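Per-entry structural report
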Amino acid sequence: MGSIIGLSLWIALATVIPGMVTIAVVWLAFVIANGGDLSTLPINFDQTSDWIVTSIAVTVMVMTQALGIILEKMMIQWKWYGTRKKEELAKMDSEPMGWYDAYKKLYPQLARLKESDDAKGHLERAIAQFFMTNNTLVSFSVGLVTSVILLGQGPGNPVGLWWYAGALVLCLAVTYRVAVSRFRILGESFLAVYQEQS
């Protein structure tokens, strides 16, 4: 039962929350572009069935996570989550693996841990936080692209959209820094568990 609850929490953090952020930022882009006139939005939720609204929301959530997974793979491959500080690089030589190597071994190691191990709970929480932050990068990117497309269409509220696009760029910068931090914490947490079990 505990594993089901843990899985549900992971799904909520990594899929539902970033998906809701995606819906919110895209929705706000259209609201600002239309000067607050909700009647001209592409989808009028007041006249749409609950099933359709729910289906749209779930689709956005799943696609946000899918793009987040692709983004994570690319950023791991290109090592865009950063490396240790220069003064710590010498210490890495004595360790069995660095953050990126540790991350590649993370899921097989997590599968070996028992549900009763405290370490498993810590690792699952770190993974969920990392993916939630990483997937939210996708949300802000989608909102920014939507804002730029709406700006290119001309009429509407260009000043508001420019301010909104600027705010989304700031959100992207902050979220990226948080993703780097979460990745480091995840790597360090895994290395601590790995060394303890070695």
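Above this note sits the structure.
Some thoughts on helix H2 (residues 50–77)
With 28 residues, H2 extends 41 Å between its outermost C-alpha atoms, agreeing within 8% with the 40 Å of an ideal straight helix rising 1.5 Å per residue. For H2, the complete set of buried residues consists of Ala 57, Met 61, Thr 64, Gln 65, Gly 68, Glu 72, Met 75 and Ile 76. Directly after H2, the chain includes Lys 79, whose backbone phi takes a positive value near 55°.

Structural notes on the environment of Leu 191
Inspection of the secondary structure assignment puts Leu 191 in helix H7 (residues 158–197). Given the relative accessible area of 4%, Leu 191 is considered buried. With 88 residues separating them in the primary sequence, Leu 191 and Tyr 103 have C-alpha atoms 9.2 Å apart.

Observations regarding empty space enclosed by the protein
Tallied over the full model, the rule gives one cavity of 30 Å³ or more. Of the pockets and cavities examined, the largest cavity occupies roughly 40 Å³. For the largest cavity, the full set of lining residues is Trp 99, Ala 102, Tyr 103, Leu 106, Phe 183, Leu 186, Gly 187 and Phe 190. Take the lining of the largest cavity: its biggest share by element is four residues, from H7. Partitioning the lining of the largest cavity into residue classes produces seven nonpolar, one polar and no charged.

Some details on unusual backbone geometry
The backbone phi angle of Lys 79 is positive, close to 55°, even though this residue is not glycine. Here Lys 79 shows up in the loop between H2 and helix H3 (86–92).

Observations regarding a nonpolar patch on the surface
Taken together, the side chains of Met 63, Leu 67, Ile 70, Met 74, Trp 78 and Trp 80 present a nonpolar region at the surface, about 600 Å² in accessible area. Of the residues examined, Trp 78 reaches a relative accessible area of 45% and is grouped as partly exposed.

Digging into the side chain of Thr 22
Mapping Thr 22 onto the fold places it in helix H1 (residues 2–33). Polar side-chain contacts of Thr 22 include one of 2.9 Å to the side chain of Thr 64. A polar contact is formed between the side chain of Thr 22 and the side chain of Ser 139, at a distance of 2.7 Å. The residues contacting Thr 22, other than those within four sequence positions of it, are Val 60, Thr 64, Ser 139 and Val 142.

A short note on the nonpolar core
Ranked by size, the top nonpolar core spans 38 residues in total, and within it Tyr 81, Tyr 103, Leu 106, Leu 123, Phe 130, Phe 183 and Leu 186 carry the most contacts. For this core, the secondary-structure elements that each account for two or more residues are H1, H2, helix H4 (99–104), helix H5 (106–112), helix H6 (118–152) and H7. Examining the composition of this core, we find that twelve residues originate from one element, H7, more than from any other. Excluding its chain neighbours within four sequence positions, the residues that come into contact with Tyr 81 are Glu 72, Met 75, Ile 76, Tyr 100, Phe 130, Asn 134, Tyr 176, Ala 179, Val 180, Phe 183 and Arg 184.

Parameters at a glance
- Residues numbered from 1 in each chain as written.
- Predicted model: local features only at pLDDT ≥ 70, side-chain atom pairs only at ≥ 80, totals over all residues.
- Heavy atoms only, no water.
- Helix = DSSP H or I, 4+ residues; strand = E, 2+ residues; numbered from the N terminus.
- Expected span 1.5 Å × (residues − 1).
- Buried < 20%, exposed > 50% of the residue type's maximum accessible area, 1.4 Å probe, protein only.
- 1 Å grid on protein atoms, 1.4 Å probe; cavity = no way out; pocket = protein on both sides within 12 Å on 5 of 7 lines; lining within 4 Å.
- Points joined across faces, edges and corners; volume = space filled by probe spheres on them.
- Nonpolar A, V, L, I, M, F, W, Y, C, P; charged D, E, K, R; others polar.
- Patch = residues over 30% accessible without salt bridge, like charges linked within 9 Å, V, L, I, M, F, W, Y side chains within 5 Å.
- Areas by Shrake-Rupley, 256 points an atom, 1.4 Å probe, with all protein chains shown as cover.
- Salt bridge = Lys/Arg side-chain N within 4 Å of Asp/Glu carboxyl O.
- Polar contact = N/O pair within 3.5 Å; in protein donor to acceptor, adjacent residues only side chain to side chain.
- Contact = heavy atoms within 4.5 Å.
- Core = buried A, V, L, I, M, F, W, Y, C linked by side-chain atoms within 4.5 Å.

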